[in-house]
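Descriptive analysis of the structure
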Amino acid sequence: MTHGHPDHLWGVLDANDNPIYPNASYIISAVEWDVWSDPDVVHKLPAAMPKEQIAKGAKNHFSHIKDKVVMVREGYEIVSGVRVIDTPGHTPGHMSVEVAGGDGLVIAGDALTHVLISFQHPSWKVPVDHEADRGISTRLRLLDRLAVDKRRLVAAHLPFPGTGFVERKDGAYRFVAS
């Protein structure tokens, strides 16, 4: 899991709080786990979010899968050629996954959330980022790396097909779907 927001976590349970994938194990950043385990998390969420609903939902979902969670840090190799990279800002423990082989691939979760804002204006603050300044530095670092390395990108909120490449353009970046 890249992070604990509803659109990335809440699909692990059905409407009755039963695991949808009872045999699954889950990998999450240790920092992210600590964020949602904090009893005061509701007061640390961005103002633009429905804080009570998100905090309560995350705590509930994590409580039902806690015995199946593997907490990891930057560089953890999930399997050979698949490793965790830290991409904090959207949440303090947001992580992405880098896949070796071929042209390479980065699964960026919500490190890049909008096809125009994240690429053409990566220095803009995003209201739903928990740590706006870290989000900016992460976006700039990740975009530069993707443009230089010419690695394929997959991110949750990019336009269909949600995969493509990053190019430098006019002092910023652009997403080229493919």
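Up top is the structure.
Residues numbered from 1 in each chain as written. Predicted model: local features only at pLDDT ≥ 70, side-chain atom pairs only at ≥ 80, totals over all residues. Heavy atoms only, no water.

1. With respect to the pattern of salt bridges
For the record, the criterion: We count a salt bridge whenever a side-chain nitrogen from Lys or Arg sits within 4 Å of a carboxyl oxygen from Asp or Glu. Only protein chains enter the accessibility calculation, which uses a 1.4 Å probe; a residue whose area is less than 20% of its type maximum is buried, one above 50% is exposed, and one in between is partly exposed.
Throughout the structure, instances matching the rule amount to 13 salt bridges. One salt bridge in this structure joins Asp133 and Lys125, with 3.3 Å as the shortest N-O distance. The residues Asp133 and Lys125 share a single accessibility class, namely exposed. A salt bridge links Asp129 to Arg139; its shortest N-O distance comes to 3.1 Å.

2. Things to note about helix 5 (residues 132–149)
Helical geometry: 3.6 residues make up each α-helical turn, so side chains three or four residues apart lie on a common side. Filter applied, for reference: Counting from the N terminus, the helices are DSSP H or I runs at least four residues long and the strands are E runs at least two residues long. The span you would expect from a helix comes to 1.5 Å times its residue count less one. Summarising the geometry, the arc corresponds to the directions from the helix axis toward the C-beta atoms.
Along its 18 residues, helix 5 runs 25 Å from first to last C-alpha, staying within 8% of the 26 Å computed at 1.5 Å per residue. For helix 5, every residue scored as buried is listed here: Ala132, Gly135, Ile136, Thr138, Arg139, Leu142, Leu143, Leu146 and Ala147. The buried side chains of helix 5 occupy one side of the element, clustering within an arc of 165 degrees when seen end-on.

3. Some details on the nonpolar core
This is how the line gets drawn: Only buried Ala, Val, Leu, Ile, Met, Phe, Trp, Tyr and Cys residues count toward a nonpolar core, and they belong to the same one when joined by side-chain atoms within 4.5 Å. Contacts were defined at the residue level, with two residues in contact if any of their heavy atoms lie within 4.5 Å.
Ranked by internal contacts, the top residues of the largest apolar core, which has 18 residues, are Trp36, Phe62 and Ile65. The set of elements that each furnish at least two residues to this core consists of strand 1 (26–29), helix 2 (30–37) and helix 3 (51–65). By residue number, the principal contributor to this core is helix 3, which donates 5 residues. Setting aside anything within four residues of it in sequence, one finds Trp36 in contact with Gly4, His5, Val41, Leu45, Ile54, Ala55, Ala58, Lys59, Phe62 and His130. One finds Val106, Leu153, Val166 and Tyr173 within the second-largest nonpolar core, a separate group that totals 16 residues.

That is the geometry; function is a separate question.
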